[in-house]
Amino acid sequence: MAETIIETLPPGTRLALRAAPEPAARLSGAFGVVLPPPLLTAAHGGKRAALRLGPDDILLLAEEGAAASLLQALAAVPGAGPVSLTDISHGQIALRITGPQAGELLNEGCPLDLDPATFPPGACTRTLFGKAGIVLWRTGAAVFHVEVARSFAPYLRALLDEAAADLA
Amino acid sequence: MSRLPTGGRIDRSRPLQFSFDGRQLEGFAGDTLASALLANGVTVVGRGTKYHRPRGILTAGPEEPNALVEIDRGGGRREPNTRATMQPLFDGLVARSQNRFPSLRFDAAALAGLAAPLLPAGFYYKTFLSPRGWHHLWEPVLRRLAGLGRAPDAPDPDRYANRYAHCDVLVVGAGPAGLAAALAAAETGERVILCDEQAEPGGWLLSDPQESIDGQPAWTWLDDAVATLRAHPRVRVLTSTTAFHYGLQNFLALAEILPEGSRLRERLWQIRAKRVVLATGAIERKLLFHGNDRPGAMFASAARTWLNRYAVLPGRRAVLAASHDSGWQSVFQLQDAGAEIAAIVDWRAAPPPPLLEEAARRGIEVLAGHGVTALPDGMLAMPRAADGTLIRNRTRTLFCDLVLMAGGWTPTVHLFSQSRGRLRWDDAADAFLPGEPAQNVVCIGACRGTDDLAACIAEGQAAGAGTSLPPRVQRAGGLAVRAAVTGADGRSFVDPQNDVTADDIRLAVREGFRSIEHVKRYTTTGMATDQGKIANMVGLAVVADTLERAIPEVGITTFRGPYTPVSFGTLAGRHRGVLFEPIRTPPLHDWAAAQGAVFEPVGLWQRARYFPRPGEDMQAAVARECRAVRGAAGIFDASTLGKIEVVGPDATTFLERIYVNALANLAPGRCRYALLLREDGCIADDGIIGRLAADRFHVTTTTGGAASVLHMMEDYLQTEWPDLRVWLTSTTEHWGVIAVQGPRSGEVIAPLVEGIDLAALPPMGVACCTVAGIGARLFSVGFTGERGFEINVPAGHAPAVWQAVLQAGAPHGITPYGTEAMHVLRAERGYIIVGQETDGTVTPDDVGLGRLIGKKKADFIGKRSLDRPDMRTTGRRQLVGLLPIDATVPEEGAQLVIAPGSATPLGHITSAYASPTLGRPIALGLLQSGRVRIGTSVFALGSTGTAAPVKVVSPMFTQPAGEGENG
Amino acid sequence: MLLIPCPHCGDRPEIEFRNCGEAGIVRPTAADDAAWTAFLYLRSNPRGLHAERWRHVHGCGRFFTLHRHTVSDRFESAP
């Protein structure tokens, strides 16, 4: 069985967008991704992605250093409001877990059914891994993107590393 | 040696060395510890808990009550109460017997057996009830004699894991029915998990190779089935895995024990299944006769397992004591393997003719309508009278070293019962069978009362495919258990593990216990590791017999998880040591650690408490840090403060309803110290509300309140005021917060601040600017009573900005300080800490903050409660300052009284410190009518009983030096 | 561990949720002391169907009301 690879991803831009579907849709052009994606799915294009984590709760991911310009551009969209956009780029760390056993590894701490039939590529949600809250996004059949609050990242990484060693 | 030269499923090419009580022995791969012991002729493996009678191996499975041993795998890996029947043999295994003092062969406490009348049912309850104090004398002795095993005393170095899994079909039990179910389910393409507690799948087939399935020998069919399942991509086969708990919505917990030498010792599986198929089998019943607990007495089914699966002949000359057909076949097979059969003693007057004919053909003597009682070297058979007692003037001596018991079968309905399915009594099965299920679960095979192999396969195929089950098939029969226990010798053991005899149960009933649940607890029948496997049905039959009622009228005890014992390590999984819970560190943690800071836990956070210099203790370090802040400037990591971005056109309205303060008049660029109450009017949290724009606020919470305040805000926003257009976003972890405090704090940061006129930033102001080139939110606030700033920068940039501030502050003597100095500094100014000065019963007015309440506001959380009479009464406890007269720091938590010796507390000390600024100890406290007592003295009661006088003063020990408001 | 039907996310494991007490407790706008005390402290604690609030705190974050039978722990539709 191929190894399961856990990588900490480089810093990126994260904006918390809180908006009803209609105002969110008006931001699609400025962000470059069609907003809002269906609930619990992600839409992405280029280096940008939007994860619909709740009815009015969208996590926008973008290239590093884009926060200020994006906030400005999105605020400038005519008739966009009322929405809430908040820069949380430094509040979270991203991990990527790759390998045919990636789902099993995540199930060492995550209680969700990660079978591709129930959690296919493009699915995303907030959930738990052990005692840490995470955002889980399946970017491919055997690839998961995980967002975790900065201060929980060492705990999550240590748990994943230990579990991965036991899977091998 | 009792190992047969051929046969069995052991691997004779892989001999394994092991030891038992220091004796070096040899077994083979594929053995359990129990089979290897029997193969070596070891028949005494433990002592009973109460009478310390020698005990042998009764069963070949998880129901084993006697062969509980201590397995020592070295390095702290010492596990008591391991069932030798479930422990796979491995090379170097070290096992020790339990409950023997001083040795297994000579047990001093076995004398207790002679004193048996002294230890009747309920002995422990009665002993410990009265007379008072007597147990002090007896308890150490009883503790030594009673109980199971020794708890390990070193940390367990092994690794344990947890895994969540989902499937369409979970099949519990890999006997013929379970295998057939898994095969059929796999064919439908469903996700299947098949688990079995044994190291090898097969269940009863492993013990009965003579059977055939679909025209194939049983073991050929078995090998094919297992190979098919293991190769199937949608099937997971878990061996050595016990499903021990069945929860709601088909959520089951399984404990997997990994092979010796694996990285992991055990793994807890938590499985959610759409359907569950229980193929959990059945457990044989013992018969009640004197000596039924002797080494050498075992279940007839166990003997067949030893013989066929492990190629072990468990005795040379056997007697079968039977009330049921099933044991006869075991005796025939033992005879074929070379054992002598002394006789078959059947409780029934007329066993089935085919069995009698076969016994006759084999030349085996049958004593029908007889019972037995033990002799030192065999059994005494006697006719059973109509009342079940033995007719003692017509005895027959049967020399033997093996007594097989065949009392019928108890379906293993534990998991079905845990699933909240109903059990129903079935006369034909003479057992409780699964009735109406409460979840999507079916029971098949022996746990359903089916004993025919072809029928088990058919039931498995139907259950696996999800179609309805064929009718139950039962071929063997026997004497009803209720009738079999009638007249049984009172010394017969019902529960050998708990040393409960038939007379113990009869006594309990005579003493008035009627409910089976009460009898169970009073006599301890079926408790400990048994959990209703062996003792319950026989014990129930004795109760029913004594009460002269039918078994279903007596009822059955509740089955609860775990089905078999589960180690704590398995339940804890990876959540131990540093991974017990997340250890959160703020962005400046690494810098503080490099400085040699001493940390303290605050919730899950690790915060720097103080920064000792060489030779300094905590008091000296804190004093130096405090003086630096008061005299020049200090720098402090406040990143753990909770932060919430409140955005939207109705943000002001929302915050006015949440906090007590008036906020409508808060201009952008200004901030305010605010209090949050619960609906009952008591303080829940405090923080700073900074207005960044008309529709955007930066709100801080206490470190501990970050999650709960956001939750509370969301609650009101979503459920009370969904019309408000406001959104909340946690920014706690986005911002690193660098507090720069002290009279020279402005000078320190001035060279670093760009984009605003720092001199124009008023106290309690907020501005967006850059600090050391990093985009920042700069608050001119503090929690020290000095001029101060809190620089919020994105957390990843916080270390660089911190370094820049340190560098810029060096000429001014800037000093890092920790949470302890922060506590002292705020106490000198009388600032409260929520959770220290408040405890959920304290109102704003109690702590002198009534002025914060927006008097003209129509509503805010808790407003109505502040008008309740008891909130306005005089005599509430109020925040005061306290000056100890004898100049020692009082204890936090010390009760305050009006005079030494008074038993009426007037309040308590909430915080106490040595104040470097005042050069004396200070304390804050909550004191009844505290504000009118200012100028008087009260007494603080220490935990050692001392009463120290303290003077009541204003909580503001020092006057503000700068303009800083409470922050 | 229960599966809790979140109206937005579907059936999800219990540990993602936080129970928020009895549902349907109306926050009075004007209340005498007795009515206010009832609002603060009095709850029905039934044996049977219980209307209760949950929040999918480690999920979509939304609050919602469910009816749970306090004996069977089954979620049922409103009576």
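Just so you know, these numbers come straight off a predicted model, no measurement behind them.

1. Focus on the overall build of chain A
For step 1, the next point in the chain: On a plain count of helices and strands, chain A comes out with 5 helices and 10 strands.
For step 2, the next point in the chain: Along the first, second and third principal axes, the C-alpha atoms of chain A reach 55 × 30 × 25 Å.
For step 3, the next point in the chain: Counting the 168 residues in chain A, one finds 60% classified as buried.
For step 4, the next point in the chain: Long-range contacts, defined here as pairs at least 24 residues apart, represent 59% of the contacts in chain A between residues at least 6 apart.
For step 5, the next point in the chain: On chain A, roughly 6,100 Å² of surface is accessible, and the fraction owed to carbon and sulfur atoms is 60%.
For step 6, the next point in the chain: Side chains of chain A give 12 positive and 16 negative charges; the mean places of these two sets differ by 8 Å.

2. What about the overall build of chain C?
For step 1, the next point in the chain: Along chain C, the regular secondary structure elements total 1 helix and 6 strands.
For step 2, the next point in the chain: Along chain C, from the amino end to the carboxyl end, the secondary structure elements read β-β-β-α-β-β-β.
For step 3, the next point in the chain: Counting only C-alpha atoms and orienting by the principal axes, one finds that chain C spans roughly 40 × 25 × 20 Å.
For step 4, the next point in the chain: Buried residues in chain C amount to 41% of all 79 residues.
For step 5, the next point in the chain: In chain C, 10 positive and 9 negative side-chain charges are present, and the distance between their average locations comes to 5 Å.

3. Things to note about the sheet that holds strand E1 (residues 11-20) of chain B
Residues and elements named next belong to chain B.
For step 1, the next point in the chain: An order of E2-E1-E7-E5-E6 is seen for the 5 strands of this open sheet, with the pairing classed as mixed. Strands with a single pairing partner mark the edges of an open sheet, and in this sheet they are strand E2 (23-29) and strand E6 (78-83). With direction set aside, neighbouring strand axes in the sheet form an average angle of 35°.
For step 2, the next point in the chain: Of the strand pairs in this sheet, E1 and E2 are connected by 7 bridges, and their pairing is antiparallel. If you follow Phe 20 over to E2, its bridge partner there is Arg 23.

4. What to know about the domain arrangement of chain A
Residues and elements named next belong to chain A.
For step 1, the next point in the chain: Taken domain by domain, chain A comprises domain 1 (13-90) and domain 2 (91-167).
For step 2, the next point in the chain: Look at where the C-alpha atoms of domain 1 and domain 2 centre, and you get two points 23 Å apart.
For step 3, the next point in the chain: For the pair domain 1 and domain 2, the summed buried area comes to about 1,100 Å², and 55% of that belongs to carbon and sulfur atoms.
For step 4, the next point in the chain: The three residues of domain 1 that bury the most area against domain 2 are Arg 14, Leu 53 and His 90, which together make up 42% of that side's buried surface.
For step 5, the next point in the chain: Where domain 1 touches domain 2, the interface holds 2 salt bridges.
For step 6, the next point in the chain: Salt-bridge contacts for Arg 126 lead to Asp 57; the nearest nitrogen and oxygen are separated by 2.8 Å.
For step 7, the next point in the chain: Run the count over domain 1 and domain 2 and you get 8 residue pairs in polar contact (both at pLDDT 80 or more).

5. Considerations on the pattern of salt bridges
For step 1, the next point in the chain: On inspection of all chains with the given rule, the structure shows 81 salt bridges over all chains.
For step 2, the next point in the chain: Between B:Arg424 and B:Asp426 there is a salt bridge, and its shortest N-O distance comes to 3.3 Å.
For step 3, the next point in the chain: In this structure B:Arg424 comes out as partly exposed when scored by relative accessible area, which is 40%.
For step 4, the next point in the chain: Its relative accessible area of 14% is what places B:Asp426 among the buried residues.
For step 5, the next point in the chain: A salt bridge links B:Arg630 to B:Glu828, with the nearest nitrogen and oxygen atoms 2.7 Å apart. Placement of B:Arg630 in helix H19 (residues 618-631) and of B:Glu828 in helix H24 (residues 819-828) is noted, with a sequence separation of 198 residues between them.
For step 6, the next point in the chain: A single salt-bridge network, built from bridges that share partners, covers A:Glu104, A:Glu108, A:Glu162, A:Asp166, B:Arg159, B:Arg163, B:Arg236, B:Glu256, B:Arg263, B:Arg267 and B:Arg574.

6. Here's the deal with the nonpolar core
For step 1, the next point in the chain: Counting residues in each nonpolar core, the largest one holds 81 residues, and the members touching the most others are B:Leu33, B:Phe289, B:Trp306, B:Leu320, B:Leu334 and B:Leu404.
For step 2, the next point in the chain: Other than its neighbours up to four places away in sequence, B:Phe289 contacts B:Ala321, B:Trp347, B:Val372, B:Met379, B:Val403, B:Met405 and B:Ser492.

7. Some details on the packing of helix H20 (residues 651-658) of chain B against helix H21 (residues 706-720) of chain B
All names here are of chain B.
For step 1, the next point in the chain: Remark: H20 packs on H21, axes separated minimally by 11 Å, with the N-to-C direction vectors making an angle of 115°. The crossing of H20 and H21 is right-handed. Mapping the contact onto sequence places Phe 654, Leu 655 and Ile 658 in H20 and Met 713, Tyr 716 and Leu 717 in H21.
For step 2, the next point in the chain: Partitioning the contact of H20 with H21 into residue classes produces 6 nonpolar, no polar and no charged.

8. Digging into unusual backbone geometry
For step 1, the next point in the chain: Of the consecutive residues A:Leu35 and A:Pro36, the connecting peptide bond is found in the cis state with omega at -15°.
For step 2, the next point in the chain: Among the structural elements, A:Pro36 can be located in the loop between helix H2 (28-31) and strand E3 (42-45).
For step 3, the next point in the chain: Omega for the peptide link from B:Gly561 to B:Pro562 comes to 0°, which places this bond in the cis form.
For step 4, the next point in the chain: Along the chain, B:Pro562 turns up in the loop between helix H16 (551-554) and helix H17 (568-572).
For step 5, the next point in the chain: Backbone geometry places B:Gln531, a non-glycine residue, at a positive phi of 45°.
For step 6, the next point in the chain: With respect to the helices, strands and loops of the structure, B:Gln531 is situated in the loop between helix H14 (516-523) and helix H15 (535-547).
For step 7, the next point in the chain: Here the phi dihedral of C:Asn45 falls at roughly 45°; this positive angle occurs in a residue that is not glycine.

9. Describing the pairing of strand E7 (residues 93-97) of chain B
All names here are of chain B.
For step 1, the next point in the chain: Only one face of E7 is covered, namely the face carrying Leu 93, Ala 95 and Ser 97; the face carrying Val 94 and Arg 96 is uncovered.
For step 2, the next point in the chain: Two elements, E1 and E7, share 3 bridges in a ladder whose sense is parallel. In the strand pairing of E7, Ser 19 is matched with Val 94.
For step 3, the next point in the chain: Of the strand pairs in this sheet, strand E5 (residues 68-72) and E7 are connected by 4 bridges, and their pairing is antiparallel. Bridging across to E7, Ile 71 finds its partner in Ala 95.

10. Section: the interface of chain B and chain A
For step 1, the next point in the chain: Listed by partner, the interface residues are 40 residues for chain B and 37 residues for chain A.
For step 2, the next point in the chain: Around 3,300 Å² of area is buried between chain B and chain A when both sides are counted, 54% of it from carbon and sulfur atoms.
For step 3, the next point in the chain: For the pair chain B and chain A, the interface holds 13 salt bridges.
For step 4, the next point in the chain: Between A:Asp115 and B:Arg234 there is a salt bridge, and its shortest N-O distance comes to 3.7 Å.
For step 5, the next point in the chain: Connecting chain B to chain A are 21 residue pairs in polar contact (both at pLDDT 80 or more).
For step 6, the next point in the chain: Of all the elements in the fold, those that place two or more residues in the side of chain B that touches chain A are strand E8 (160-172), strand E34 (642-647) and strand E38 (727-730) of chain B.
For step 7, the next point in the chain: For the side of chain B that touches chain A, the class distribution of residues is 15 nonpolar, 10 polar and 15 charged.

Conventions adopted
Residues numbered from 1 in each chain as written. Chains lettered and ligands numbered in written order. Predicted model: local features only at pLDDT ≥ 70, side-chain atom pairs only at ≥ 80, totals over all residues. Heavy atoms only, no water. Helix = DSSP H or I, 4+ residues; strand = E, 2+ residues; numbered from the N terminus. Buried < 20%, exposed > 50% of the residue type's maximum accessible area, 1.4 Å probe, protein only. Contact = heavy atoms within 4.5 Å. Areas by Shrake-Rupley, 256 points an atom, 1.4 Å probe, with all protein chains shown as cover. Lys, Arg positive; Asp, Glu negative; His and termini not counted. Charge placed at Lys NZ, Arg CZ, Asp CG, Glu CD. Pairing = 2+ DSSP bridges. Axes fitted to C-alpha atoms, helices over the stretch in contact; angles between N-to-C directions. Domains from an automatic or database assignment. Buried area = accessible area lost by both parts, 1.4 Å probe. Salt bridge = Lys/Arg side-chain N within 4 Å of Asp/Glu carboxyl O. Polar contact = N/O pair within 3.5 Å; in protein donor to acceptor, adjacent residues only side chain to side chain. Core = buried A, V, L, I, M, F, W, Y, C linked by side-chain atoms within 4.5 Å. Left-handed = near helix turned anticlockwise from the far one by under 90°. Nonpolar A, V, L, I, M, F, W, Y, C, P; charged D, E, K, R; others polar.

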